[in-house]
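Each chain, written out:
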Amino acid sequence: MGAAGFGALLLLLLLLLRAAPCPGQPAGDTVFQPSFIHMSGPRVNAFFLGNSSGVNFSIILSPRDAETGKLQLANCSGSQRAGDWNLDVTPGVNISKVTVSLSRSLELCLPNATECCPSPLCMVETLQVLACRGSVMLAQLLIQAEIFANSSFAGNVSENATIIPNQAFKPLGSCPCNLTAGACDVRCCCDLECTPDFQQLFSGSCFPGVFGGDVNPPYDQLCSSQPMEYTPEWFPFLCVQSSLDNTPFLGYFYHGSISTPKVPSFKIPLQTSPGKPFTGYREGDPIVTEEDEYFTVPQQSMAGQCVGNAPVAYLHNFDVKCLTNLESYKEGLPHDVRINSGTADFIQQNVVYRAITDRSKFITESDLLAAEVLCQNVTFAEHYKFIWKDMNIEQVNVTVFLGSLCDGEILTQRFTVEFLSLNSTHGEELFENPGYQVGKPVKAANLNASDPLGSLNIWQPAGRGLCASAADRPVLFGVDSYSGCILEVDINEDCSFLRGNVTEKLNALIQATHIGKRHNSSYTDLSDWVEIIRLDPFSSNVSTGGLKGFCPDIPANLNIHIIFAKVGAVQGIPLQEILAVQISYSTVLWQFQCGLGCRNTLSFLPITASVQFIEVPAQPPPPVTRYQKIYAEFDCNQNEVCWPQLLYPLTRFYTGEPYSQCLAKGLFLAFLVLLATIMSNPWFSKLWSR
């Protein structure tokens, strides 16, 4: 009974509230919801609650009274358009949607533009929306509009080309110091947003020159310009008579054009042109095909992955292995592509195809479970032999090994490139150039042992990368390398034993005491070798105080520095010799890394070996002579005036024309001067009159 009485009382209270008019509104059951809106965009919506049949909606601009500051009284004589404002009403049963929208643009004005916003605060107005039945106002909606101009760009953007104006005739920016949009930049006198009152504050300290908007300042070579503080010595004798429109400062900018995106490609410019034959290959030059493209063979990148379209460099041997499967297998460059020999001639590859009989050397993993699997005949290995002479390629022999690769198998492809001299016998090259060539192994020797054959290697990890299963490969000349492996260390490992174990594994890479200066160094001639300079690792006596899993000064990094120089050339190929080899160690702090729950007592210590080749001049530069010290003003590299180049076109420094033509023109000019001197002499006129 109490609950029913409370419900009836609540219902009566709601009816009383529904019947009461809103404050400031005429009595009745019609009202705008909401009755006041602060508008910051070009469109706003409201709702008219009540029966809208026979109701007229209108919008008016309500200016304030200049004396009282109050809004003027509104009447029902308005329409659904006032100034730049439109009123749209969507009628309903008891609810009608009222939309007020702005019909003008909100973009900031550009120079000489109309129908736009002259300032960032584009519009501040007060609107009234009235609902009237006849001349009786039923409801009123008050809108305070405060709208800012759009700051976003609404034009068309081209992703393919950017049109840059030609700065030879039109500066890229007429006011470079105007950095803040919609505000005055101090000391920027060309900023149009600075009022005259603001400009008076810094009119005497404006930014000068091009940065201050003065794109055509008078330059010192102009005859009409005032003398400058630092005037060249030749200024009084030479000057330019021109208008300020023809200024050299515009030439300092980039010559405008259309900038198009560049797609990276292995296309290269034509190296042959009519009348200009191909001059041959030099060491390291990419080999070119008949279509003026690079001749490519898969090679390993710096990240260790195989790159299928890597160019082959002249006289650079390599032997790489690449992993692939049937899904990701791709054929390489066709073998019918002709190669530029180096003399604008093209040679065909001699290709021999062979079948693989033992697939176990190439298939590293097989997951064949189904009875029927997809198989395909693919390339297992390719061996290229380039026969060269001087700077040209004489012949290309290719051996291709084919085999069957099935789905689920992982194939280890092998690609080798070898350059052999034309004077080779039985596949073994007679090294006409005794120096090292890039990519060939560095020759090492142990001259203190009965067997002088030595080795200089770095790691080639496999599998999990552990040192126990890591293989090694020789150090290649001119190839900076960085490799390493992972050593398993127990938490209870003794620090002294750990240092000795790491040092032993690093020293196992260098089974040599000397390095050959040249590739053909003789074991019987000690002058052909350089001794390896060893900097032993730092022996630490720091006590860990019984701490487990903590060892300082572990020599975990082996640094091999090889210094070489180019001491000459053989048939255009540089003769490179090794001058010195130094080996040093870098220490690290090993600390046991606790895994999840610290249940494992083993931790990992990475140890690395790096090889760096450093090129130095073959001979030290000549010392500065006493003449150069005293007469430094005659040094062309240190002075602006170079007296030795006074007759520049007749010297070797001038390369604009062949030296023979320059010499002939110089002699002819000297002859004319001598002839004019003779003819101007008085005795010549007397002789001529006789």
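Above this text you will find the structure in question.
Residues numbered from 1 in each chain as written. Predicted model: local features only at pLDDT ≥ 70, side-chain atom pairs only at ≥ 80, totals over all residues. Heavy atoms only, no water.

Undergrad: I keep staring at the pairing of strand β14 (residues 318–325) and nothing clicks. Help me out?
TA: Taken residue by residue, a regular strand's side chains alternate between the two faces of the sheet. On β14, burial follows the alternation: F318, V320, C322 and T324 on one face are buried, whereas D319, K321, L323 and N325 on the facing-out side are not. Direction of pairing for β14 relative to strand β21 (residues 409–421): antiparallel, over a ladder of eight bridges. Each residue of the ladder has a partner; that of T324, found in β21, is L411. (Buried < 20%, exposed > 50% of the residue type's maximum accessible area, 1.4 Å probe, protein only. Helix = DSSP H or I, 4+ residues; strand = E, 2+ residues; numbered from the N terminus. Pairing = 2+ DSSP bridges.)

Undergrad: So what exactly am I meant to see when it comes to the sheet that holds strand β2 (residues 36–39) here?
TA: In any sheet, the strands associate via hydrogen bonds between backbone groups, in a parallel or an antiparallel arrangement. Taking strand neighbours across the sheet as the criterion, the four strands line up as β2-β9-β8-β4 in an open arrangement whose pairing is mixed. The strands lining the two open edges of the sheet, one partner per strand, are β2 and β4 (56–61). Taking the axes of each pair of neighbouring strands and ignoring which way they run, one obtains an average angle of 20° across the sheet. Here strand β8 (residues 121–133) runs beside strand β9 (residues 136–148); their pairing, made up of 12 bridges, is antiparallel. Each residue of the ladder has a partner; that of L130, found in β9, is Q140. (Axes fitted to C-alpha atoms, helices over the stretch in contact; angles between N-to-C directions.)

Undergrad: Help me out: how do you make sense of the packing of aromatic side chains in this one?
TA: Each aromatic ring pair is summarised here by two numbers: the centre-to-centre distance and the angle between the ring planes. In total, this model carries 15 aromatic pairs according to the counting rule given. Centroid distance F295 to Y384: 5.8 Å. Interplanar angle 80°. Geometry classified as edge-to-face. Of this pair, F295 sits in the loop between β11 (258–259) and β12 (299–300) while Y384 sits in strand β19 (residues 375–389), and the two are 89 residues apart along the sequence. Like Y384, F295 is buried. Here the aromatic rings of F362 and F380 are separated by 5.4 Å at their centres, their planes lie at 70°, and the arrangement is edge-to-face. Here F362, found in the loop between β17 (350–355) and β18 (363–366), pairs with F380, found in strand β19; they are 18 residues apart in sequence, far enough to count as distant. (Phe/Tyr/Trp six-rings, centres within 6.5 Å; stacked < 30°, edge-to-face > 60°.)

Undergrad: I'm lost on the side chain of T289 in this one. Help?
TA: Among the structural elements, T289 can be located in the loop between β11 and β12. Owing to a relative accessible area of 2%, T289 belongs among the buried residues under this scheme. The contacts of T289, once residues within four sequence positions are left out, are Y294, F295, V337, R338, I339, N340 and F346. (Contact = heavy atoms within 4.5 Å.)

Undergrad: Looking at this structure, I do not really get the sheet that holds strand β25 (residues 481–490). What am I missing?
TA: The seven strands are arranged β22-β27-β28-β30-β29-β31-β25 in an open sheet whose pairing can be described as mixed. A single partner strand is all that each edge strand has here, and the edge strands are β22 (444–445) and β25. Bridge analysis of strand β27 (residues 514–516) against strand β28 (residues 529–534) gives three bridges, and the strand direction is antiparallel. If you follow G516 over to β28, its bridge partner there is W529.

Undergrad: What is the right way to look at the state of the cysteines in this model?
TA: Here, disulfide denotes a covalent bond that connects the sulfur atoms of two cysteines. Under the definition given, this model contains 10 disulfides. For C76, the disulfide goes to C132, at an S-S distance of 2.1 Å. Since a negative S-S torsion denotes a left-handed disulfide, the C76-C132 link at about -75° is left-handed. Note that C76 is positioned in the loop between β4 and β5 (81–82) and C132 in strand β8, a separation of 56 residues in sequence. Judged by relative accessible area, which is 2%, C132 ranks as buried. Between the sulfur atoms of C175 and its disulfide mate C190 the distance is 2.0 Å. On the S-S bond that ties C175 to C190, the torsion sits near 80°, and the link is right-handed. In this pair, C175 sits in the loop between β10 (162–163) and α2 (196–202) while C190 sits in the loop between β10 and α2, placing the two residues 15 residues apart along the sequence. (Disulfide = S-S within 2.5 Å.)

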